[in-house]
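# Examining the three-dimensional arrangement
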Amino acid sequence: MNEPSPRLLPAALCDYAPWPAARPHTGRELARVLALLEGAGFRGGSVALGHGRDAASKDTAEAFADAWLSSGGRLAAVVDWPEDAASWLRQARRLTRPEPDAWVVAAAPVGWAQMSRRLRHSTDWDPRRTFGFASAGDSRLVTAAGPGVLDGMCGATADGRLWTVRRGWVVESDGE
């Protein structure tokens, strides 16, 4: 029996409009994401890197990949996805199938809301082992994705601070 798609309909996404585009990453943001991975014990591990197809997300993913590989890390997979798709199932499977140590996300909020729902409903993906750039740390995204979908995910703000998803909220802080 097939499960219904967890895809959010356009009308549901309108409740949280206007949605921002992905933003170019900053040096402080990239440094924080790398530090978060190291602090979580993933230094030198395998990371599955997912990103949207917009220019800012692609550039951020490329910068992360270069920095991660230079630090001795491995890329288990690099997967991109569109902002709108029928289901995102193929991309979700490609992102989780290599069973990486962690996931890193560079994407605009709408695309990541859709992709995270697919990951949570159809794979063994764990948001607690997922790290994102500033564009993924949007409270509207967390609400749209639904209860529990992103709880535990963390990432970096543009100024290098930490954000964490806790009980449906994006909480920012200076600490680890």
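Computed from a predicted structure; not experimentally measured. (Residues numbered from 1 in each chain as written. Predicted model: local features only at pLDDT ≥ 70, side-chain atom pairs only at ≥ 80, totals over all residues. Heavy atoms only, no water.)

## A closer look at the sheet that holds strand β2 (residues 74-81)
Read across the sheet, seven strands follow the order β2-β1-β3-β4-β5-β6-β7 without closing on themselves; strand pairing throughout is mixed. The outermost strands of the open sheet, each flanked by one partner alone, are β2 and β7 (169-173). Within this sheet the neighbouring strands show an average axis-to-axis angle of 25 degrees, counted without direction. As defined by bridge partners, strand β1 (residues 46-52) adjoins β2 across seven bridges and the pair is classed as parallel. Paired with His51 across the bridge in β2 is Asp80. This element, helix α2 (residues 27-39), spans β1, β3 (102-106), β4 (130-132), β5 (154-156) and β6 (162-166) of the sheet and lies at about 145 degrees to β5. (Pairing = 2+ DSSP bridges. Helix = DSSP H or I, 4+ residues; strand = E, 2+ residues; numbered from the N terminus. Axes fitted to C-alpha atoms, helices over the stretch in contact; angles between N-to-C directions. Contact = heavy atoms within 4.5 Å.)

## Section: the packing of aromatic side chains
Per the counting criterion, the structure on display carries five aromatic pairs. Ring geometry for Phe64 versus Trp68: centroids 5.8 Å apart, planes at 15 degrees, classification stacked. On the criterion of helical spacing, the pair formed by Phe64 and Trp68 is a turn pair, its members being four residues apart in helix α3 (residues 55-70). When its relative accessible area of 0% is taken as the criterion, Phe64 is described as buried. With 5.8 Å between their ring centres and 85 degrees between their planes, Trp112 and Trp125 make a pair best called edge-to-face. Of this pair, Trp112 sits in helix α5 (residues 109-122) while Trp125 sits in the loop between α5 and β4; the two residues are 13 residues apart in sequence, bridging distant segments of the chain. An identical accessibility class is assigned to Trp112 and Trp125; each is buried. (Phe/Tyr/Trp six-rings, centres within 6.5 Å; stacked < 30°, edge-to-face > 60°. Buried < 20%, exposed > 50% of the residue type's maximum accessible area, 1.4 Å probe, protein only.)

## Some details on the environment of Glu83
Structurally, Glu83 is set in the loop between β2 and α4 (89-96). The class for Glu83 is partly exposed, based on a relative accessible area of 33%. The spatial distance from the C-alpha of Glu83 to the C-alpha of Arg161 is 26 Å, given a sequence separation of 78 residues. When residues no more than four places from it in sequence are discounted, the contact partners of Glu83 are Trp88, Ala108, Val110, Gly111 and Gln114.

## Quick look at the packing of α2 against α3
The N-to-C vectors of α2 and α3 enclose an angle of 50 degrees; their axes lie 11 Å apart at closest approach. The angle between α2 and α3 falls in the class oblique. Note that α2 runs across α3; the crossing there is right-handed. Between α2, through Leu30, Val33, Leu34 and Leu37, and α3, the contact on the second element is made entirely by Ala63, Phe64, Ala67 and Trp68. Among the residues making up the contact of α2 with α3, the classes are represented as eight nonpolar, no polar and no charged. (Parallel < 35°, antiparallel > 145°, perpendicular 65-115°, else oblique. Left-handed = near helix turned anticlockwise from the far one by under 90°. Nonpolar A, V, L, I, M, F, W, Y, C, P; charged D, E, K, R; others polar.)

## Focus on α3
Two residues of an α-helix separated by three or four positions point the same way, owing to the 3.6 residues in each turn. Here α3 spans 22 Å end to end across 16 residues, near enough to the 22 Å set by a 1.5 Å rise per residue. Taken residue by residue, α3 has Ala56, Ser57, Thr60, Ala61, Ala63, Phe64, Ala65 and Trp68 as its buried positions. Tucked inside the fold, the buried residues of α3 contact α2, β1, β2 and β3. Positive backbone phi, at 95 degrees, marks Gly72, one or two positions downstream of α3. (Expected span 1.5 Å × (residues − 1).)

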